[in-house]
Amino acid sequence: MWSRYLRTREKDGIVAIFHELHPDPVYCSKERWSDLYDNGIANGAEMLINGLKKCKLIINSADDDLREFKMVEANLERKLNQPIILYLMVAQGCNFGCGYCPVPETVNKHGASLLSVEDALAGIELWQKHLKDVYDPTLQYFVIFYGGEPLLNKETIKASLAYLEMKKNVRDLPPNISYMIATNGVLVDEETIAMCKKYKVMMTVGLDGPKEINDVLRVDSDGNGTFDRAVSSIRLLVANKIRTFISASITPFNLDHISECSSFFRDLGVEKFGFNFLKGHMLTKLIGQEGVEDYYRRASRGIIDNARRQGNSGFEYQMEKKQLAFDSGDFYPVDCTCYGNQLVIQPDGQVSNCPFYKSWLGHIKSVSDDFRIWNQPIVREWRKKLPLFHPGEAKAVNGGGCAWSSVDLKGDPAAVDDSSQIFSEEVLNDLIWFRYDRLCAREA
Ligand SMILES: C[S@@+](CC[C@H](N)C(=O)[O-])C[C@H]1O[C@@H](n2cnc3c(N)ncnc32)[C@H](O)[C@@H]1O
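The rules behind each value
- Residues numbered from 1 in each chain as written.
- Predicted model: local features only at pLDDT ≥ 70, side-chain atom pairs only at ≥ 80, totals over all residues.
- Heavy atoms only, no water.
- Near = heavy atom within 4 Å.
- Polar contact = N/O pair within 3.5 Å; in protein donor to acceptor, adjacent residues only side chain to side chain.
- Areas by Shrake-Rupley, 256 points an atom, 1.4 Å probe, with all protein chains shown as cover.
- Nonpolar A, V, L, I, M, F, W, Y, C, P; charged D, E, K, R; others polar.
- Pairing = 2+ DSSP bridges.
- Helix = DSSP H or I, 4+ residues; strand = E, 2+ residues; numbered from the N terminus.
- Axes fitted to C-alpha atoms, helices over the stretch in contact; angles between N-to-C directions.
- Left-handed = near helix turned anticlockwise from the far one by under 90°.
- Contact = heavy atoms within 4.5 Å.
- Parallel < 35°, antiparallel > 145°, perpendicular 65-115°, else oblique.
- Salt bridge = Lys/Arg side-chain N within 4 Å of Asp/Glu carboxyl O.
- Buried < 20%, exposed > 50% of the residue type's maximum accessible area, 1.4 Å probe, protein only.
- Disulfide = S-S within 2.5 Å.
- Domains from an automatic or database assignment.

**Some points on the site of the ligand**
Residues in close proximity to the ligand total 18 residues, the closest being Tyr 100, Arg 218, Ser 247, Ser 249 and Lys 279. The separation between an oxygen atom of the ligand and a polar side-chain atom of Ser 247 is 2.7 Å. In this structure, Ser 249 approaches the ligand through a side-chain N or O atom, which is 2.8 Å from an oxygen atom. Coverage of the ligand by the protein amounts to 94% of the 550 Å² it exposes when considered alone. For the shell around the ligand, the class distribution of residues is 7 nonpolar, 8 polar and 3 charged.

**Points about the pairing of strand E1 (residues 6-11)**
As paired strands, E1 and strand E2 (residues 14-19) are joined by 6 bridges and run antiparallel to one another. Bridging from a neighbouring strand, Lys 11 pairs with Ile 14 of E2. Following E1, the chain reverses through 2 residues before pairing antiparallel with E2; Asp 12 in that reversal takes a positive phi of roughly 45°.

**Let's talk about the packing of helix H5 (residues 117-134) against helix H6 (residues 154-169)**
Interhelical geometry of H5 versus H6 gives an angle of 35° and a closest axis separation of 9 Å. As H5 packs across H6, the resulting crossing turns out to be right-handed. Within the contact between the two elements, H5 uses Val 117, Ala 120, Leu 121, Ile 124, Glu 125 and Gln 128 and H6 uses Glu 155, Thr 156, Ala 159, Ser 160, Tyr 163, Leu 164 and Lys 167. When its residues are assigned to classes, the contact of H5 with H6 shows 7 nonpolar, 3 polar and 3 charged.

**Brief notes about the packing of helix H1 (residues 30-37) against helix H2 (residues 46-54)**
Their axes nearest at 11 Å, the elements H1 and H2 cross at an angle of 75°. Comparing the axis directions of H1 and H2 gives the class roughly perpendicular. Residues Arg 32, Trp 33 and Leu 36 of H1 form the contact with H2, whose participating residues are Leu 48, Ile 49 and Leu 52. Along the lines of polarity and charge, the residues of the contact of H1 with H2 split into 5 nonpolar, no polar and 1 charged.

**Some details on the sheet that holds E1**
Sheet strands pair by backbone hydrogen bonding; their relative direction is either parallel or antiparallel. Strand order in this open sheet of 3 strands is E1-E2-E3, and the pairing throughout is antiparallel. Bordering the open sheet on either side are E1 and strand E3 (26-29), each of which pairs with just one other strand. Along the sheet, successive strands turn relative to each other by an average axial angle of 25°, direction set aside. Running over the sheet, H2 touches E2 and E3 and is turned about 150° from E3.

**Considerations on the sheet that holds strand E9 (residues 272-277)**
With mixed pairing, the 8 strands of this open sheet are ordered in space as E9-E8-E7-E6-E5-E4-E10-E11. Edge strands, defined here as strands with exactly one partner in the open sheet, are E9 and strand E11 (351-352).

**Brief notes about the pattern of salt bridges**
Applying the stated criterion across every chain, the model contains 37 salt bridges. Note that Glu 77 is salt-bridged to Arg 383, the shortest N-O span being 3.5 Å. One end of the pair, Glu 77, is in helix H3 (residues 62-80); the other, Arg 383, is in helix H14 (residues 377-383), and 306 residues separate them in sequence. In this structure Glu 77 comes out as partly exposed when scored by relative accessible area, which is 32%. Ionic pairing is found between Lys 168 and Glu 165, a salt bridge with its closest N-O pair at 3.6 Å. Placement of the pair is Lys 168 and Glu 165 together in helix H6, with a separation of 3 residues, close to one helical turn. Judged by relative accessible area, Glu 165 falls into the partly exposed class, the value being 22%. Sharing partners across several salt bridges, the network here consists of Arg 7, Arg 9, Glu 20, Glu 393 and Lys 395.

**Looking at the state of the cysteines**
Applying the stated rule across the entire model yields 0 disulfides. Note on Cys 55: no disulfide assigned, nearest cysteine sulfur contributed by Cys 28 at a separation of 12 Å. Given the relative accessible area of 12%, Cys 55 is considered buried.

**Observations regarding the domain arrangement of the protein**
In terms of domain boundaries, the protein breaks down into domain 1 (6-74) and domain 2 (82-374). For domain 1 versus domain 2, the distance between C-alpha centres works out to 40 Å.

Take a look at the structure:
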């Protein structure tokens, strides 16, 4: 019998047949597919039938489908109960006032606090307890210093790094932990460079493209453009051999240029970059509710175009992750680590599952020893949003997007994140036909 997860795409007389939970398409002519599927003519279609059986698209009974779903669900659960990231939100304030960023509003509401050294170290202790439960030597773990602008609080960053290294040295923490600072770059100085070298810290700098585009929205708190200062910091980091990345937000001003981003960022010497869809109400503030779907579609096509123009998808993070999941036949886990993969310590010492959402899970000094982020009710609730549990043919490459954005835009963390849905559908189609073209090229 046919699997209930059997899906097809058709293009130029060719049909791609794939399993919704782990797409590894089988290709055949439209006529052959119609003979087999619509008319049950199996004559001469042995190879096709064998391929479909191998991909679990022809099954023995409905139990096979159920088993497949349970296996994917269990694997996903296992991946989500793994705290791969500790976010230390070292500064709530920022020296920038970017036109799409929610941080200035948060500062108006809650003040511009800095994470104390004491609370940061307590956060590291709690994370260590998480790792003791589920440490996996094959994974890479990260401590990310985030904000606001983290370099406004170098004292806590330095103290945390020293503490983390000390813990690694006495084997309280495993060796496979990397450090990263997500920064706007302008406070990078000799002291920062020395710190990055000493602790092998990676830097992700926010930059949205060339000067005339970047400076429309990425402005400092006095309203001045920031491109020149950000780029000179990037060059300084790269010259000092510090692993440097760029985080590029897709704005109404760079939307038509994103397919050229790879070459622009590559010329700056960075290792990789990642696109961000704008999230939350700052997006609708900029483009209005009626412009949102068009923004998601154009941004999705731009990201795909950018990856295809440069000949591989490895230089841009969003495409790389989906391409890897597709190529390895793995179910793409999540777009965001807020579903149990990260422990966030807010600047006021509150524990949270998301850097942007204040979930007030308790103060780091008062949470109990057996607090685990993956057991928190908010995390369990937010997981219900994940595409595996909803209709959608691109679920195998859809990480569910951002629950905070769904709360902010739709008032419900479980509501579909349309950016993720649209992007995943477009990417799945691209991956299916990109593979077909490569197979044809190999055979020619
Ligand atoms: C919040 S900032 C913090 C780090 C640093 N201050 C910076 O400017 O990169 C981190 C990243 O979030 C992005 N960002 C800001 N507001 C956003 C929004 N509404 N939606 C998506 N990404 C956003 C920024 O462009 C930046 O790349």
